[in-house]
Amino acid sequence: MTSPESQGIRQLAVVVPAHNEDQHIGKALAALGTAADALQHSRPEIQVSITVVLDSCTDRSADITAGFVAGDPRFSSMNVALRSTGASRRQGIRAALESLAPPPPPGSPQQPGPPQQPGPLQALWLANTDADSTVPANWLTRQVELANEGADAVLGSVEPDPDDLDPSVLGRWLELHPFREDHQHIYGANLGVRGSAYLAVGGFPKLRTHEDRVLVERLRGRGFRVVATDTLRVLTSGRTHARAPEGFAAYLRVLGGGLPAATG
């Protein structure tokens, strides 16, 4: 549904929901900084923001995030009491949309300082990950490439951290989730969407789990182009202590218990 003349991405907003992730969030945000550096090295005209949504955190997540905010103007944070991944993603994207500046004209260097006004939604890309996940250096660069080729949403792949899982559980997970192009899986930890497409389908629903799946189903139902790829794989926590019902950790625990499990 995206016309070729309006595909070029000029602004990119990353949103990261976090609930008591002080064991992982430092590594997650450092990886995002590296990915943002890589994008802006190759595409210096693209404005980048990274918003961390601290949802009901009672650990050191806020302190760790504050260090990144103080050291890099691309980072910002907000505190909410939603206890919902979907609502946190939605709130973070709303804040990012409100802070965006008009995109600079072609060939202009990115100006320092925070953006002030919203820009064209066709030229805005919304990248989503989690605070317990580590993105690769090409994470943003590859999403922009796919967006500029006409994708309205990009579904990346996810790999549980092998240091967190029994090898037998990891083996079963890999059997059910082979790494390949055009895969069938949807992960909020590795999902990007064009701003105009996101708003056209109403954004993330305020759900504790499966907000990513609902968003993608709406996008496909409206005819937007959704691309699934393994070219930007994210490493995520392999913990089995669930923080949300039917979430990723709960699914891994089911696999570990040898119970029947869906492959979504």
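With that settled, consider the sheet that holds strand E3 (residues 75-80). As summarised here, the arrangement of the seven strands in space is E3-E2-E1-E4-E8-E6-E9, forming an open sheet in which the pairing is mixed. The open sheet is flanked by E3 and strand E9 (226-228), the only strands paired with a single partner. Strand-to-strand twist across the sheet, computed as the mean angle between neighbouring axes with direction ignored, equals 20°. The pairing of strand E6 (residues 153-155) with strand E8 (residues 191-194) spans three bridges and is classified as antiparallel. Looking at E8, one finds that alanine 153 is bridged to valine 193. Each of strand E2 (47-55) and E3 touches helix H2 (residues 61-71); the most contacted strand, E3, lies at about 155° to it. Packing against the sheet, helix H7 (residues 211-221) makes contact with E6, E8 and E9, and its axis sits at approximately 40° to E8.

A separate point is the confidence of the model for the protein. With 80% of its residues at a pLDDT of at least 70, the protein reaches an overall mean of 86. Confidence drops under pLDDT 50 across residues 110-119; counting only partners more than four residues distant or on other chains, this segment forms 25 contacts. This model gives residues 259-264 a pLDDT under 50, and the stretch forms 16 contacts once residues within four places in sequence are excluded.

Here we take up the pattern of salt bridges. This model, assessed by the stated rule, comprises 10 salt bridges. The shortest N-O distance in the salt bridge between arginine 89 and aspartate 130 comes to 2.7 Å. A residue pair is termed long-range when its members are at least 10 positions apart, and arginine 89 in helix H3 (residues 85-99) and aspartate 130 in the loop between strand E4 (124-128) and strand E5 (133-134) qualify at 41 residues. Grouping residues by exposure puts arginine 89 and aspartate 130 together as buried. A salt bridge links arginine 89 to glutamate 211; its shortest N-O distance comes to 2.9 Å. Pair noted here: arginine 89 is in helix H3 and glutamate 211 is in helix H7, with a separation of 122 residues, a long-range link. The burial state of arginine 89 is the same as that of glutamate 211; both residues are buried. Three or more residues are tied together by salt bridges with common partners; here these are Asp37, Asp72 and Arg74.

Reading the values: rules and limits
- Residues numbered from 1 in each chain as written.
- Predicted model: local features only at pLDDT ≥ 70, side-chain atom pairs only at ≥ 80, totals over all residues.
- Heavy atoms only, no water.
- Pairing = 2+ DSSP bridges.
- Helix = DSSP H or I, 4+ residues; strand = E, 2+ residues; numbered from the N terminus.
- Axes fitted to C-alpha atoms, helices over the stretch in contact; angles between N-to-C directions.
- Contact = heavy atoms within 4.5 Å.
- pLDDT = per-residue confidence, 0-100.
- Salt bridge = Lys/Arg side-chain N within 4 Å of Asp/Glu carboxyl O.
- Buried < 20%, exposed > 50% of the residue type's maximum accessible area, 1.4 Å probe, protein only.

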